[in-house]
Amino acid sequence: MQWALGDLVQEYLQPHLKDVPRLDFTDGVNMEALIQANPDLIVLYTKNLAENGTYEQFSKIAPTYAFDDATVDWRGTLHILGQMLNKTDTAEKAIQHYDQKVAEAKEKLQPITNGKTFAVIRIKPKEVLLMDGTYYSGPVLYQDLGLQPHKLVRELAWEYHKPLSLEVLPELDADYIFLLVQGEAAKVKVKELTDSSIWKGLPAVKNGHVFEVDNTYWMASGAIANEMKIDDVVKYITSP
């Protein structure tokens with residue numbers, strides 16, 4: 001089964017999961033639906049899902065494995081899943097493919113990005129966030145691709161994303177900004193931000209170096225999501 005929140009699913013994975021039934025988490029874990037599905041294995045992506053006796057509940061349904069946090073070290077996660085599913089070769093090939101993609105992307109990017117700085121901004125319905133360097137997009141941009149985070153990312157939000165106020169916004173003189181918009185409800189906040197004179201005065205805005213990217217896979221982790229992020233970065237940075 002695949003995760004869902006009402007009609008919301010991980011859209012970027014649907015080409016791979018089109019026939020996989022959904023497990024709706026709107027009101028927490030739907031244990032009844034899970035029991036009816038009769039799974040062979042249950043994987044919990046974070047240990048928080050295994051707390052307060054829930055691990056024992058899951059274990060009564062099927063063998064259960066709980067990651068500390070599956071999103072932090074996606075390579076390690078893939079290795080473990082490969083071992084559990086008897087697909088270690090498949091997991092290793094996926095990691096090798098990713099590493100090759102990183103190498104090819106860096107070769108294309110470095111002549112353009114050398115000495116340039118980057119930031120990722122996420123716009124939610126009620127706030128604007130400066131994204132961190134350690135989760136989701138951060139490791140891909142700043143570790144794998146070797147891009148240079150803007151000093152505000154380092155100083156303000158490296159370990160965890162932080163609200164970006166209009167008072168601080170003028171300091172964000174990054175050369176490139178990637179913009180994540182969290183659904184239709186955030187569109188009003190987007191307009192409020194992008195209509196402001198402060199925003200229009202940012203170097204990245206004036207130079208046409210602000211790129212809106214897909215929130216679904218930029219706020220996800222794993223070989224597929226990370227490769228899609230790399231495709232976006234290469235496409236936007238290298239296009240004339």
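Residues numbered from 1 in each chain as written. Predicted model: local features only at pLDDT ≥ 70, side-chain atom pairs only at ≥ 80, totals over all residues. Heavy atoms only, no water.

Draft legend 1. Broad picture of the overall build of the protein chain. The secondary structure content of the protein chain amounts to twelve helices and ten strands. Scaling as 2.2 N^0.38, a compact globule of 240 residues should have a C-alpha radius of gyration of about 18 Å, and the protein chain matches this with 20 Å. Dimensions of the protein chain along its principal axes, counting C-alpha atoms only, are 60 × 40 × 30 Å. The buried share of the protein chain, reckoned over its 240 residues, is 41%. As displayed, the protein chain has an accessible area near 13500 Å², and 50% of this comes from carbon and sulfur atoms. (Helix = DSSP H or I, 4+ residues; strand = E, 2+ residues; numbered from the N terminus. Rg over C-alpha atoms; globule rule 2.2 N^0.38 Å. Buried < 20%, exposed > 50% of the residue type's maximum accessible area, 1.4 Å probe, protein only. Areas by Shrake-Rupley, 256 points an atom, 1.4 Å probe, with all protein chains shown as cover.)

Draft legend 2. Region of interest: the pattern of salt bridges. Tallied over the full model, the rule gives six salt bridges. A salt bridge links Asp231 to Lys101, with the nearest nitrogen and oxygen atoms 2.9 Å apart. Placement of Asp231 in helix α12 (residues 223–238) and of Lys101 in helix α5 (residues 88–113) is noted, with a sequence separation of 130 residues between them. In this structure Lys101 comes out as buried when scored by relative accessible area, which is 19%. (Salt bridge = Lys/Arg side-chain N within 4 Å of Asp/Glu carboxyl O.)

Draft legend 3. Broad picture of the environment of Met219. Its location among the elements puts Met219 in the loop between α11 (215–218) and α12. Met219 gets classed as buried once you look at its relative accessible area, which sits at 18%. Measuring from C-alpha to C-alpha, the distance between Met219 and Val181 comes to 11 Å, with 38 residues separating the pair along the chain. Filtering out sequence-adjacent residues up to four positions away, Met219 remains in contact with Arg122, Met131, Tyr136 and Leu180. (Contact = heavy atoms within 4.5 Å.)

Draft legend 4. Expanded view of the packing of aromatic side chains. Under the criterion given, the structure shown has eleven aromatic pairs. On the numbers, 6.5 Å between centres and 20° between planes, the contact of Tyr176 with Phe211 is stacked. In this pair, Tyr176 sits in strand β9 (residues 176–181) while Phe211 sits in strand β10 (residues 210–213), placing the two residues 35 residues apart along the sequence. Pair check on accessibility: Tyr176 and Phe211 agree, each one buried. Note on Phe211 and Tyr236: the rings are 4.9 Å apart at their centroids and 15° apart in plane angle, and the pair reads as stacked. With Phe211 in strand β10 and Tyr236 in helix α12, this pair connects stretches of sequence that are 25 residues apart. (Phe/Tyr/Trp six-rings, centres within 6.5 Å; stacked < 30°, edge-to-face > 60°.)

Draft legend 5. Inspection of α12 at higher detail. Over its 16 residues, α12 runs 22 Å from end to end, which matches the ideal 22 Å to within 8%, given 1.5 Å per residue. Turning to α12, its buried residues number three or more, namely Ala223, Ala225, Asn226, Glu227, Lys229, Ile230, Asp232, Val233, Val234 and Ile237. (Expected span 1.5 Å × (residues − 1).)

Draft legend 6. How the structure looks around the nonpolar core. If you look at the biggest cluster of nonpolar residues, it comprises 54 residues, and the most contacted ones within it are Ile121, Leu141, Leu145, Leu172, Phe178, Trp218 and Val233. Every residue in contact with Leu145, bar those within four places of it in the chain, is listed here: Val102, Ala105, Lys106, Leu109, Val140, Ile230 and Val233. Core analysis: the second largest hydrophobic core is formed by eight residues, Leu23, Leu34, Ala50 and Ala62 among them. (Core = buried A, V, L, I, M, F, W, Y, C linked by side-chain atoms within 4.5 Å.)

Draft legend 7. Unusual backbone geometry, seen in detail. Despite not being glycine, Asn38 shows a phi value in the positive range, around 50°. For Tyr136, which is not glycine, the phi dihedral falls at a positive 55°. In this fold, Tyr136 is placed in the loop between β6 (128–130) and α6 (137–144).

Draft legend 8. Seen up close, the packing of helix α4 (residues 74–84) against α5. The geometry of α4 relative to α5 is characterised by a closest axis approach of 7 Å and an angle of 155° between their N-to-C directions. Taken together, the axis directions place α4 and α5 in an arrangement best described as roughly antiparallel. Crossing geometry of α4 relative to α5 is assigned as right-handed. Of the residues in α5, those touching α4 at Trp74, Arg75, Leu78, His79, Gly82 and Gln83 are Thr88, Ala91, Glu92, Ala94, Ile95, Tyr98 and Asp99. (Axes fitted to C-alpha atoms, helices over the stretch in contact; angles between N-to-C directions. Parallel < 35°, antiparallel > 145°, perpendicular 65-115°, else oblique. Left-handed = near helix turned anticlockwise from the far one by under 90°.)

Draft legend 9. Representation of the pairing of strand β5 (residues 117–123) within the structure. A large share of β5 lies buried, amounting to seven of its seven residues. Because side chains alternate across β5, one face comprises the buried residues Thr117, Ala119, Ile121 and Ile123, and the other comprises Phe118, Val120 and Arg122, equally buried. Two strands pair when backbone bridges link them, and β5 and strand β7 (residues 148–149) are joined in this way by two bridges, in the parallel orientation. Bridge pairing links Thr117 to Gln148 in β7. As judged from the six bridges shared by β5 and β9, these two strands associate in the parallel manner. (Pairing = 2+ DSSP bridges.)

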